Amino acid sequence: MPGDGVLLFIGAHPDDESFGPGATLAHYALMGVKVYYACATRGEAGTIDPQFFMSGLADSGDVRWAELQCAGRVLGLSAIFHLGYRDSGMAGSADNRHPQALVNAPVEQVAGRIVRIIREIKPQVILTHDPCGDYGHPDHVAVNRAAVEAFRAAGDGGRYPEAGAPFQPSKLYYSVFPRRLLKLAVRLLPLLGQNPKKFGRNKDIDLTRLTGECLPVHARVKLSRAELKARGDASACHCSQLYGGGGPPRAGLLGLIEKLIGRRDSFSRAFPPAVTGTVERDLFEGLDQDSKAR
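In this report, we go over the structure that sits alongside the text. Nothing here was measured: the structure is a model prediction, and the numbers come from that model.

What about the side chain of R269?
Consideration 1: Looking at the element boundaries, R269 is found in strand β7 (residues 264-271).
Consideration 2: A distance of 2.7 Å separates a polar side-chain atom of R269 from the backbone oxygen of P272.
Consideration 3: If sequence neighbours within four positions are ignored, R269 has contacts with K171, L172, Y173, H218, A274 and E280.

What to know about the packing of helix α4 (residues 107-121) against helix α5 (residues 138-153)
Consideration 1: Between α4 and α5, the least distance of the axes is 8 Å, while the angle of their chain directions is 55°. Classified by the angle between their axes, α4 and α5 sit oblique to one another. As for how α4 packs across α5, the hand of that crossing is right-handed. Contacts from V107, V110, A111, I114, V115, I118 and R119 of α4 reach α5 at R145, A146, A147, E149, A150 and A153.
Consideration 2: In the contact of α4 with α5, the residues fall into 10 nonpolar, no polar and 3 charged.

Structural notes on the state of the cysteines
Consideration 1: Taken as a whole and assessed by the stated rule, the structure comprises 1 disulfide.
Consideration 2: Put simply, C70 and C237 are joined by a disulfide, and their sulfur atoms are 2.0 Å apart. Around the S-S axis, the bridge from C70 to C237 shows a dihedral of about -50° and counts as left-handed. Taken together, the positions of C70 in helix α3 (residues 60-75) and C237 in helix α7 (residues 225-237) put the pair 167 residues apart, joining distant regions of the chain.

Describing the pairing of strand β5 (residues 171-176)
Regular strands show a simple pattern: their side chains alternate between the two faces of the sheet.
Consideration 1: Here β5 lies mainly inside the structure; 6 of its 6 residues are buried.
Consideration 2: Side chains K171, Y173 and S175 of β5 all project onto a buried face; the interleaved residues L172, Y174 and V176 project onto the opposite face, where all are buried too.
Consideration 3: Across 4 bridges, strand β4 (residues 125-128) lies against β5 in parallel orientation. Pairing of V125 across the sheet is with K171, part of β5.
Consideration 4: Between the parallel elements β4 and β5, the chain passes through α5 in a crossover that is right-handed.
Consideration 5: Here β5 pairs with β7 via 5 bridges, running antiparallel. Across the sheet, Y174 pairs through a bridge with S268, a residue of β7.

Quick notes on the pairing of β4
Consideration 1: Every second residue of β4 is oriented toward a common face, with V125 and L127 on one face and I126 and T128 on the other, all of them buried.
Consideration 2: Of the pairings in the sheet, the one linking strand β1 (residues 6-11) to β4 comprises 4 bridges and is parallel in character. Opposite I10, over in β4, you have T128 as the bridge partner.

Overview of the pattern of salt bridges
Consideration 1: In the structure shown here, the tally under the stated rule is 8 salt bridges.
Consideration 2: As a salt-bridge pair, D95 and R86 come within 2.9 Å of each other at their nearest N and O atoms.
Consideration 3: On the basis of relative accessible area, D95 is assigned to the partly exposed category, the value being 23%.
Consideration 4: Among the ionic pairs, R269 bridges to E280, the shortest N-O distance being 2.7 Å. Placement of R269 in strand β7 and of E280 in the segment after β7 is noted, with a sequence separation of 11 residues between them. Taken as a pair, R269 and E280 share a single burial class, namely buried.
Consideration 5: Through salt bridges with shared partners, a single ionic network connects K171, R269 and E280.

Here is what the cut-offs are and how they apply
Residues numbered from 1 in each chain as written. Predicted model: local features only at pLDDT ≥ 70, side-chain atom pairs only at ≥ 80, totals over all residues. Heavy atoms only, no water. Helix = DSSP H or I, 4+ residues; strand = E, 2+ residues; numbered from the N terminus. Polar contact = N/O pair within 3.5 Å; in protein donor to acceptor, adjacent residues only side chain to side chain. Contact = heavy atoms within 4.5 Å. Axes fitted to C-alpha atoms, helices over the stretch in contact; angles between N-to-C directions. Parallel < 35°, antiparallel > 145°, perpendicular 65-115°, else oblique. Left-handed = near helix turned anticlockwise from the far one by under 90°. Nonpolar A, V, L, I, M, F, W, Y, C, P; charged D, E, K, R; others polar. Disulfide = S-S within 2.5 Å. Buried < 20%, exposed > 50% of the residue type's maximum accessible area, 1.4 Å probe, protein only. Pairing = 2+ DSSP bridges. Right-handed = clockwise from strand over helix to strand, strands pointing away. Salt bridge = Lys/Arg side-chain N within 4 Å of Asp/Glu carboxyl O.

Structure, rendered in structure tokens:
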């Protein structure tokens, strides 16, 4: 199945593919799977230092989309789709009120755009953000809700008939971060003079919120050095975020934790329901050629 497989990652912003399950995307691309990214926004709300503006790029969305194109080439993505929305920013920010912001779009509308992509590329496996929005970003939460709705609707010919012939993907996974290690970080950060409730460049991420709900891990993908390097190189494409003070940690306590878990990516299976206690090693496990025709 991997050589004939199709995988779709549905994310909120440029860089979510690299700072998230990038190594897994590279893993399957190297195996011959057609890997796609449906990105909801162009990351317009991201803070960008003027030094990262490239010639001919008018705004932060242009910069971040160009970075995404670079990362897509590194990861071996077959194509990148834009769902057509604007970055909403963090909860309570002025960007939340923009009329094109993703958080202001009806779930049914966003899902319909995803359904069209699903019916076009016919993925057996879909990855997306967890229901908590990873670190609580409103756009990540919105993408999760729309992706779940699209997964349910894609195989129903009576829904979104304008989006093409029905096709039902076989599996839906959430990308998850091991909460056990995050709880350790929350305990240790104050000892290093950092407030876990006001983390990140803009001090708008509350790490303590992320330790409360723990989704079970149903799949772990073991990563090779080549796949880890691809993730690192793809992350480096997002220089406006990585070197501008954003992006994933590359030093300090969280950087150490990232290295400890970096040899595997973890996923929670939303559909079909997983058997308690089982952990898959392959997201295409249990699928066969017949899955392509569903």
